[in-house]
Every structure is written in C-alpha cells, then in structure tokens.
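# Summary of the model geometry
Here are the chains, one letter per residue:
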Amino acid sequence: MPTSHHIPSYLTQHDIGPWGVYLEQIDRVTPYLGSLAPLVETLKRPKLILAVDVPIRRDDGTIAHFEGYRVQHNTARGPGKGGVRFHQSVTLSEVMALSAWMTIKNAAVNVPYGGAKGGIRVDPKTLSRGELERMTRRYTSEIGIIIGPTKDIPAPDVNTNEQIMAWMMDTYSMNAGSTVSGVVTGKPVSLGGSLGRQAATGRGLYVVACEAAVRSGMDIKGARIAIQGFGNVGGVAARLFAEAGAKVVAVQDHAGTVVRESGLDIPALLAYAGERGTVAGFAAADALHDQDAFWSVDCDILVPAALEQQITASNADQIRAKIIVEGANGPTTPAADDILHDKGVLIVPDVIANAGGVTVSYFEWVQDFSSFFWTEEEINQRLARIMREAFGAVWQLAKERKVSLRTAAFIVGCSRVLQAHEMRGLYP
Ligand SMILES: NC(=O)c1ccc[n+]([C@@H]2O[C@H](COP(=O)([O-])OP(=O)(O)OC[C@H]3O[C@@H](n4cnc5c(N)ncnc54)[C@H](O)[C@@H]3O)[C@@H](O)[C@H]2O)c1
C-alpha cells in the first residue's frame, strides 16, 4: 500500500482498501506521463463525494437505515458515468476506487464521460421486492441533486439490473416532472434501453479475450476457461466462449465452485443458476469444496468476473492460466500483478476488458437523446469495433513502451484525462 500519499481523513488510515490499489496503479503509471505528470495529483482526489442515509419502512412496519454513496471521481471529459452496486461489503473506499477506474476506462476506450460510481451497503437478498424498490427510490431521490443526463448517469453493477434502473429512472423523472430516460443506462428496452446492453460487458470481454488469444498464438476453440462470477458479466462471457467452442472447465460464484474436465454445459448451468441463484449443487459437474482451489484449476484463460481484490499475493502463484481477462473491476492487486508478470501470465486489465458495458451505455444515452434506436446488429458491430481498436492501441503502446497492458491502458486513459484538464485550465 502506498504510504507517500495524502490519505483523506474520512478513510481508515491503516487500511485504505481498494482506493489504495488504485493509488498504487497511478504511482506505477506516473513515470510514463511525461509533461502531464505534474497534474497527476488531481487523479488522486475524487471531485465530489456524496454520502447519504437511506431509510426505508420494512414490510413489518419497522424502519431500517442503509449507508449509500455516489462518488464523481472526475468530470474533465464529460458527465460522470458508472454503475450502482448493492452489496453488504460496499465501503466509501470501494466506491471511490470504482469511480476512479471508470474515469480511466472511459478515457481508455474514448467515450465522452468522466468517472463515477454509486453503492448501497446492503445485502439485497435480505429485502423483499417492495423493500428493494423503496430503498432504490429513496437512494435515487437522495442522490438526485448530483445525477442527471448531462451531470452523472448511473448504470447497473453488482446486484443491480434493468428493474432497478427502471425504478431509478421513474423516481428521477417524478421529481423532475417529466420523463428523463437518459438519466440512467441499462434500462429495459421498452423504456429507452438499448438492444445489446445487457450482454455488452460479457460480449466486449469475449472480443478482447479473442484478440489477446490470437496475439498469444492460442486458439479459442478448445481453450480451457475458468470463470469466477456467473452474473451479468461472467454468465454472458461463459455463453460466448462455449458457443465459440471453448471449454468452460470451472465456474465459481458466491456459494460454490463447479468443475468439469470436458467442459460444463453452459446453457444448462445458466438455466440452473437462473432458477437457484447459484451454480452450487449443479448435478452435471463436480463440486470443488475448497473455494480457494478454484485458483489452481488447470486452464488457458482465467476470467475473474465477481469482485475486486480476488487475485492477491496469496493465490497468484497457484494460477495456471496463460491469459487473465479481468471482467470484474480491480480483481488483481498490484502485488499479484508483479507475481503474474514474473510467471509470464498476460493480464488484459479491467479498464479495457470490461469496457463493453459502458460503451453500449454510451450508445444507449446517445439513442435516448436522439430518440432514434439502432438494431442489435449495429450495436454489436460498433461495440466490437471499439473494443478491438482500444485493445489494439493498448497492445501497441505496451510493446513500444515495454510495459504491461495495465500500465499501457493507464497511460492512454490518464493522458486523455490530464490533457483535458490542461486544456480546460484550473477554475477560477
Ligand atoms: N454489469 C456490468 O455491465 C459491468 C460492467 C463492467 C464491470 N462490471 C464488474 O463485473 C463484476 C461483476 O458484475 P456483474 O454485473 O456481473 O454482477 P452480478 O451481480 O450480475 O454477478 C456477480 C457474480 O459474482 C458472484 N460473486 C459474488 N461474490 C463472490 C465471491 N466472494 N466469490 C465468488 N463469486 C462471487 C455472484 O455469485 C455472481 O455470480 C463487478 O466487479 C462489476 O463491477 C460489471
């Protein structure tokens, strides 16, 4: 963890959490930023943090309070953009880091947004549907003063989906007095959502995984894939890998790990997990009882697509994959990065690998503004083109500067953000 930084008083000084990982990544890229390096301090401080109390009436008549956040890390290149997470382990440090990774990601793939993120510290599985709706609406109302289609546009993340986005859009619209569909993305298609948005992150991940495989001399057909997280990102990626003839040999979620040497039946596993809420107990597979054993599964491509700080100094050594494609945000710590680098493992970083979601969110926002909607084919083609171009540019830069793909992606992202700062100047 970096010690040379100013750690704001509102974070726990001795354990700053995911924000510390982000700061260390910024330290690593700074020597490559040339004349922009003196401006880097601005990336180490979120522009705006809003912490809110979210009280709701429970079904039994009692009142419960939840901790909610919206952080706008940087808006130099455009409005804030980033998901909303409902999870029991949400902290301010986590939301700050996630918002900062959105800044880098949006700049790395060159969509005209800054970075933002939101979250509520809650296990949504403990709420009824009515409680979930009331919590979502109250949270939206509380953060309503800083979000909006030209200010900050939320989207789905862990444990949030199209329904949550529909409630957020409706709440914001009710307060505004007119329907404002562009305030969130990842909405249902019937409410101004975009075709292809739901699958976009997994699809984008699959596209860059194929690019990385080709450049590494690996055939996707027959490649062995292990995936942590079987939700929106991991589930779609698994389906696309399987459709391309790859063998998904291991899947882990919050409740269990299933493995099958000859490849899991992904459509059957998706149907099972859709009904049960977990892959645990899936009959046509072997169960791995030790969750940590997942990391040593023999595979060619490993896709962490659950939460941050999963690949650490304590398990990086066990990893047998040749390529890691980061579906989750911040799944690999800097110490694990170094271990994997020494082992010759290629890491396609989150800020490129999972940028498909925000890319199609951008398409959704554009479609909402013009009230003119594109076909799914157009969306998937444009998505694939942006992902390939962004990956190609980062790959090229990594070769030229002899750095990792993560550092290269951060060079591209940070340079664009800092150039925007330089050109805009410091107000007043
Ligand atoms: N949804 C998007 O468009 C999007 C875009 C970019 C990045 N991401 C990132 O991808 C990751 C997953 O997001 P999602 O939208 O798929 O969420 P999701 O809620 O749809 O799925 C999360 C999955 O992770 C699993 N999981 C949770 N805790 C776990 C643990 N401790 N061990 C193993 N598995 C665990 C859950 O069981 C579930 O299968 C997050 O890091 C998110 O920030 C999502």
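Keep in mind that what you see is a predicted model, and the values were worked out from it rather than measured.

### A word on the pairing of strand E5 (residues 152–156)
With respect to burial, E5 is a largely interior element, five of its five residues being buried. Here strand E3 (residues 80–87) runs beside E5; their pairing, made up of five bridges, is parallel. Residue pairing in the sheet places Gly-80 in a bridge with Asp-152 of E5.

### Some details on the sheet that holds strand E9 (residues 286–288)
Read from one edge to the other, the open sheet built from seven strands follows the order E9-E8-E7-E6-E10-E11-E12, with strand pairing classed as mixed. Edge strands, defined here as strands with exactly one partner in the open sheet, are E9 and strand E12 (346–348). Between one strand axis and the next, the sheet turns by 20° as a mean value, whatever way the strands run. In this structure, strand E8 (residues 256–259) lies alongside E9, joined through three bridges in antiparallel fashion. Note that in E9 the partner of Val-258 across the bridge is Ala-287.

### Things to note about the packing of helix H10 (residues 356–370) against helix H11 (residues 376–401)
The N-to-C vectors of H10 and H11 enclose an angle of 130°; their axes lie 10 Å apart at closest approach. With respect to H11, the element H10 is oriented oblique. Taken as a pair, H10 and H11 cross one another with a handedness that is right-handed. Seen from H10, the contacting residues are Gly-356, Thr-359, Val-360 and Phe-363; seen from H11, they are Ile-379, Arg-382, Leu-383, Ile-386 and Met-387. Class assignment of the residues belonging to the contact of H10 with H11 gives a composition of six nonpolar, two polar and one charged.

### Observations concerning the site of the ligand
Taken together, 23 residues surround the ligand, and among them Gly-229, Gly-231, Asp-253, Ala-328 and Gly-357 come closest. Here the shell around the ligand gets three residues from one element, more than from any other, and that element is helix H6 (residues 232–243). Each of domain 1 (46–179) and domain 2 (200–353) accounts for three or more of the residues forming the shell around the ligand.

### Looking at the nonpolar core
Grouped together as the largest cluster of nonpolar side chains are 132 residues, with contacts concentrated most on Val-208, Ile-225, Ala-237, Val-325, Val-348 and Ile-352. No other element matches the 11 residues that helix H2 (residues 92–108) contributes to this core. Each of domain 1 (46–179) and domain 2 (200–353) contributes no fewer than three residues to this core. Not counting the four nearest positions on each side in its chain, Ala-237 is found in contact with Gly-202, Leu-205, Tyr-206, Ile-227, Val-303, Ala-305 and Gly-327.

Cut-offs applied
Residues numbered from 1 in each chain as written. Predicted model: local features only at pLDDT ≥ 70, side-chain atom pairs only at ≥ 80, totals over all residues. Buried ≥ 20, exposed ≤ 12 C-beta atoms within 10 Å, placed from the backbone. Helix = DSSP H or I, 4+ residues; strand = E, 2+ residues; numbered from the N terminus. Pairing = 2+ DSSP bridges. Axes fitted to C-alpha atoms, helices over the stretch in contact; angles between N-to-C directions. Parallel < 35°, antiparallel > 145°, perpendicular 65-115°, else oblique. Left-handed = near helix turned anticlockwise from the far one by under 90°. Contact = placed C-beta atoms within 7 Å. Nonpolar A, V, L, I, M, F, W, Y, C, P; charged D, E, K, R; others polar. Near = placed C-beta within 6 Å. Domains from an automatic or database assignment. Core = buried A, V, L, I, M, F, W, Y, C linked by C-beta atoms within 7 Å.

Interpretation note: all reported values are geometric properties and have no functional meaning in isolation.
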